[in-house]
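Chains, contacts and geometry: an overview
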Amino acid sequence: MRTARLRTVHPVLWAGWAALAAGAVLCVIGWYGISGERYAERQLPYLASCTVPGAALIIAGSVLLTHGRNALAAARVEELYGLLVAAETADGEDSAQAAAMPLAVSGDLLMVPGGTLWHRADCPLVAGKVEAVPVDAKLLTGGELGPCPICEPSEETD
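Keep in mind it's a predicted model, so treat the numbers as computed, not measured.

1. Overview of the overall build of the protein
Counting its secondary structure elements, the protein contains 4 helices and 4 strands. For the protein, the accessible area works out to roughly 10800 Å², and carbon and sulfur atoms hold 64% of it.

Set out below in structure tokens:
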């Protein structure tokens, strides 16, 4: 699935490459003309008619290529965002129900030594971690630990 914007970017890239090629050809012609002349007053026409416009075309081609690549990247991001939004609306009902329920529902409280939060045992942040230990009641009452925002444990579940 390609967006219309992706199709409009390719001519800009082609124009950039064409400008770069034409500029390089003009610079080579100018250099060849200048190298065949001994006096500066005879070199000036080659400089004015070939080398300066060639350098300008090289700069313009570089700008077009940069703009085209940025526009191509932006178009791809828009396309991916459209796919994400389409997938999100298809799962909208299921995700609304899942967002209303906490991820963890276990009653056992755990903490990681040196951590600042206490969690339910099935919280994804501590589930399967060997270093997770049961919460000390003194730490809970002292206020040194805060509840995990992911599993939303309450002190009554102890």
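Picking up where we left off.
2. Remarks on the pattern of salt bridges
A full pass over the atoms with the stated rule returns 1 salt bridge. Among the salt bridges present, the one from Arg42 reaches Glu37, with a minimum N-O distance of 3.8 Å. In this structure Arg42 comes out as exposed when scored by relative accessible area, which is 52%. Residue Glu37 is classed as partly exposed on the basis of its relative accessible area of 22%.

3. Brief notes about the nonpolar core
Within the largest apolar cluster, 7 residues are counted, these being Leu109, Met111, Trp118, Val135, Leu139, Leu140 and Leu145. Judged by nonpolar contacts, the second largest core, of 6 residues, contains Leu110, Cys123, Ala132 and Cys151.

4. A look at the sheet that holds strand S4 (residues 146–147)
Reading across the sheet, the 4 strands line up as S3-S1-S2-S4 and stay open at both edges, with mixed pairing between neighbours. Taken across any chain shown, the strands that pair with only one partner, and hence form the sheet edges, are strand S3 (133–134) and S4.

5. A look at a nonpolar patch on the surface
On the surface, Leu44, Leu47 and Val52 cluster together into a nonpolar patch covering about 260 Å² of accessible area. Note on placement: Val52 falls in helix H2 (residues 40–90).

6. Some thoughts on the pairing of strand S2 (residues 117–120)
Across 3 bridges, strand S1 (residues 109–111) lies against S2 in antiparallel orientation. Paired with Leu110 across the strands is His119, a residue of S2. Hairpin connection between S1 and S2: a loop of 5 residues separates the two successive antiparallel strands, and Gly114 in this loop has a positive phi of roughly 90°. Sheet topology note: the S2/S4 ladder contains 2 bridges and is parallel. Considered in S4, the bridge of Trp118 is made with Pro147.

7. Here's the deal with the state of the cysteines
Applying the stated criterion across every chain yields a total of 0 disulfides. The closest cysteine sulfur to the non-disulfide-bonded Cys27 is located on Cys50, 8.8 Å from its own sulfur.

8. Re the confidence of the model for the protein
In low-pLDDT segments, the atomic positions of the prediction should not be examined closely. Of all residues in the protein, 78% attain a pLDDT of 70 or more, and the chain-wide mean is 78. Across residues 98–104, where pLDDT falls below 50, the model places 9 contacts with residues more than four positions away in sequence or in other chains.

9. Considerations on the environment of Ile58
Relative to the helices and strands, Ile58 resides in helix H2. Its relative accessible area of 30% is what places Ile58 among the partly exposed residues. Spatially, the C-alpha atoms of Ile58 and Leu20 are 4.6 Å apart, while their sequence positions differ by 38 residues. Apart from the residues within four sequence positions on either side, Ile58 is in contact with Ala19, Leu20, Gly23, Ala24 and Cys27.

10. Topic: the environment of Pro113
If you trace the backbone, Pro113 turns up in the loop between S1 and S2. Between the C-alpha atoms of Pro113 and Ala132, which are 19 residues apart in sequence, the distance is 7.1 Å.

Quick notes on the rules
Residues numbered from 1 in each chain as written. Predicted model: local features only at pLDDT ≥ 70, side-chain atom pairs only at ≥ 80, totals over all residues. Heavy atoms only, no water. Helix = DSSP H or I, 4+ residues; strand = E, 2+ residues; numbered from the N terminus. Areas by Shrake-Rupley, 256 points an atom, 1.4 Å probe, with all protein chains shown as cover. Salt bridge = Lys/Arg side-chain N within 4 Å of Asp/Glu carboxyl O. Buried < 20%, exposed > 50% of the residue type's maximum accessible area, 1.4 Å probe, protein only. Core = buried A, V, L, I, M, F, W, Y, C linked by side-chain atoms within 4.5 Å. Pairing = 2+ DSSP bridges. Patch = residues over 30% accessible without salt bridge, like charges linked within 9 Å, V, L, I, M, F, W, Y side chains within 5 Å. Disulfide = S-S within 2.5 Å. pLDDT = per-residue confidence, 0-100. Contact = heavy atoms within 4.5 Å.

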